[in-house]
Amino acid sequence: LQVDIDSQLIVGVESGMVSLANGCVCCEVRDDLIGAIDFVLAQDSDVDAIVLEASGVAQPAGIARTFTAAEYRNRLRLDGIVAVVDGEQLPSQVEDPATRDLVYGQIGFSDLVVLNKIDLADRSRLAEVRNFVLDRLPGVRILETTYTAVPYEILIGFGPPESNRDDRSDALDSGHHHDGHGFTSWVYRRAGSFDIDALKLAITRLPRSVYRIKGFVRASDEPDHRHLLQAVGMRGDVQPYDEWGDRDPATELVVIANAECDDRPTVEHLLDECRA
């Protein structure tokens, strides 16, 4: 007798949100999560993004394997993993043997770490927490926030960027600051073509101040096709997208970074070295 367990695990659908029973996504058996993903994809073929909020005891590695499984290879792309940590409570959590490995596992597997509630901890404690994390996990990107106020442009990479040379890109070209958030963004624009493998390697070498890069690239081996570059933290990829057509075949990337760090010259030098 067949029983549809997956449908029973989906306990609610409201305003585009699917709730799973019992928080099962944190365990190694992921049939419930797979069922939920299939359910969402079946509702609308034009889904922009799937946002999964796991429980506080979830292990990101097991969840990530679901999104990189063969059955989703041509349907989904793992955009990024974000961990939210309590700036006031983190020191005690990493000192407790019962939670230490869990905390390190969540932070270490994340592309972005949102250090929240910084208004409840003094600056010396926050500096201590940052140094503690970065000494052990030097590649982690940390964003300090109150009330987890982070722009969606950083958290979620919705689809491809707008057509190149639009008003938004022009406005960002000289550097645009996001008031109240401490982020800045600019457009990296170059003529000529780029080596895609070199770009993929450059993503892993970006300064910690860079949170996200997104845009279109002219590839040296396929100059007639646009390639879409999307990166968050050190996770990124470059894939064929469509033909240039009547568009100007220039590489244009929107870079979002920490406004307090003047790493634009370093970032642009890294990218320039990828030109063919």
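Residues numbered from 1 in each chain as written. Predicted model: local features only at pLDDT ≥ 70, side-chain atom pairs only at ≥ 80, totals over all residues. Heavy atoms only, no water.

## A look at the overall build of the chain
Basically, it comes down to this: Helix and strand definitions follow DSSP, with helices as H or I runs of at least four residues and strands as E runs of at least two, each counted in order from the N terminus. Exposure classes here rest on a 1.4 Å probe applied to the protein chains alone. A residue is buried below 20% of its type maximum, exposed above 50%, and partly exposed in between. Throughout, a residue-residue contact means that at least one pair of heavy atoms, one from each residue, lies within 4.5 Å. Accessibility throughout is a Shrake-Rupley quantity obtained with a 1.4 Å probe, and a residue counts as covered only by protein chains that appear here.
Across its full length, the chain carries 10 helices and 11 strands. Split into buried and exposed, the 276 residues of the chain put 41% on the buried side. The long-range share in the chain, meaning contacts at least 24 apart out of those at least 6 apart in sequence, stands at 70%. Accessible surface for the chain amounts to roughly 15,300 Å². Of this, 48% is attributable to carbon and sulfur atoms.

## Examining the confidence of the model for the chain
Stated precisely, the cut-off is as follows: For every residue, the predictor states its confidence as a pLDDT score lying anywhere from 0 to 100.
In this model, the chain carries a mean pLDDT of 79, and residues with pLDDT of at least 70 account for 79%. Scored below 50 in pLDDT, residues 1–10 shows 14 contacts in the model against residues more than four places distant or in partner chains. Residue range residues 23–29 is modelled with pLDDT below 50. Its contacts to residues more than four positions away, or to other chains, number 12 contacts.

## What to know about the pairing of strand E10 (residues 235–243)
Looking along a regular strand, one sees side chains alternate from face to face of the sheet. Here is the rule: In short, DSSP must find at least two bridges between two strands for them to pair.
As judged from the 8 bridges shared by strand E9 (residues 225–232) and E10, these two strands associate in the antiparallel manner. For Arg226, the partnering residue across the bridge sits in E10 and is Asp242. In this antiparallel pair of consecutive strands, E9 and E10, the connection spans 2 residues, and Gly233 shows a positive phi of 60°.

## Considering the pattern of salt bridges
For clarity, the cut-off: Every case where a carboxyl oxygen of Asp or Glu lies within 4 Å of a side-chain nitrogen of Lys or Arg is listed as a salt bridge.
Following the criterion strictly, the structure yields 13 salt bridges and no others. Lys117 is the salt-bridge partner of Asp86, the closest N and O atoms lying 3.2 Å from each other. On the criterion of sequence distance, the pair formed by Asp86 in strand E3 (residues 82–86) and Lys117 in the loop between strand E4 (112–116) and helix H6 (123–136) is long-range, its members being 31 residues apart. Here Asp242 and Arg226 are joined by a salt bridge, their closest N and O atoms 2.8 Å apart. Within this pair, whereas Asp242 is found in strand E10, its partner Arg226 is found in strand E9, the two being separated by 16 residues in sequence. Residue Asp242 is classed as partly exposed on the basis of its relative accessible area, which comes to 24%. Overall, Arg226 belongs to the buried group, its relative accessible area being 4%. Shared partners join several salt bridges into a network, and the residues in it are Arg190, Arg264, Glu268 and Asp272.

## Structural notes on the layout of surface pockets
How we decide: Cavity and pocket criteria rest on a 1 Å grid covering protein atoms alone: a 1.4 Å probe that fits but cannot get out defines a cavity, protein on both sides within 12 Å along at least 5 of 7 lines defines an open pocket, and an atom within 4 Å of a point defines a lining residue. Grid points are joined across faces, edges and corners, and a volume is the space filled by probe spheres set on the points. The residue classification treats Ala, Val, Leu, Ile, Met, Phe, Trp, Tyr, Cys and Pro as nonpolar and Asp, Glu, Lys and Arg as charged. All others, Gly included, are polar.
In this structure, the second largest pocket encloses a volume near 280 Å³. If you trace the second largest pocket, you find 13 residues lining it, with Arg130, Glu144, Tyr211, Asn258 and Glu260 closest to the centre. Mapped onto the lining of the second largest pocket, the elements with two or more residues apiece are H6 and strand E5 (141–144). Of all the elements, E5 adds the most residues to the lining of the second largest pocket, at 3 residues. When its residues are assigned to classes, the lining of the second largest pocket shows 6 nonpolar, 3 polar and 4 charged.

## A word on the environment of Thr184
Structurally, Thr184 can be placed in strand E7 (residues 183–190). Distance in space between the C-alpha atoms of Thr184 and Asn258 is 6.1 Å, their sequence separation being 74 residues.

## A look at helix H10 (residues 264–272)
Quick reminder of the rule: The reported arc concerns the directions from the helix axis to the C-beta atoms and nothing else.
The complete set of buried residues in H10 reads Val267, Glu268, Leu270 and Leu271. Down the axis of H10, the buried side of the element spans an arc of 155°, and every buried residue falls inside it. Looking at the buried positions of H10, the neighbouring elements they touch are E7, helix H9 (196–203), strand E8 (210–218) and strand E11 (251–258).

## Some words on the sheet that holds E3
Short version of the rule: Orientation is described by lines fitted to C-alpha atoms, with helices fitted over the stretch in contact, and by angles between N-to-C directions that extend from 0 to 180 degrees.
Taken in spatial order, the 3 strands line up as E3-E4-E5 in an open sheet, and their pairing is parallel. In the strand order of this sheet, the two ends are held by E3 and E5, each with one partner. Across this sheet, the average inter-strand angle for adjacent strands is 25°, counted without regard to direction. Of the strand pairs in this sheet, E3 and E4 are connected by 5 bridges, and their pairing is parallel. Within E4, the position partnered with Asp86 by the bridge is Asn116. The strands touched by H6 within the sheet are E4 and E5, with E5 carrying the most contacts at an inclination of about 165°.

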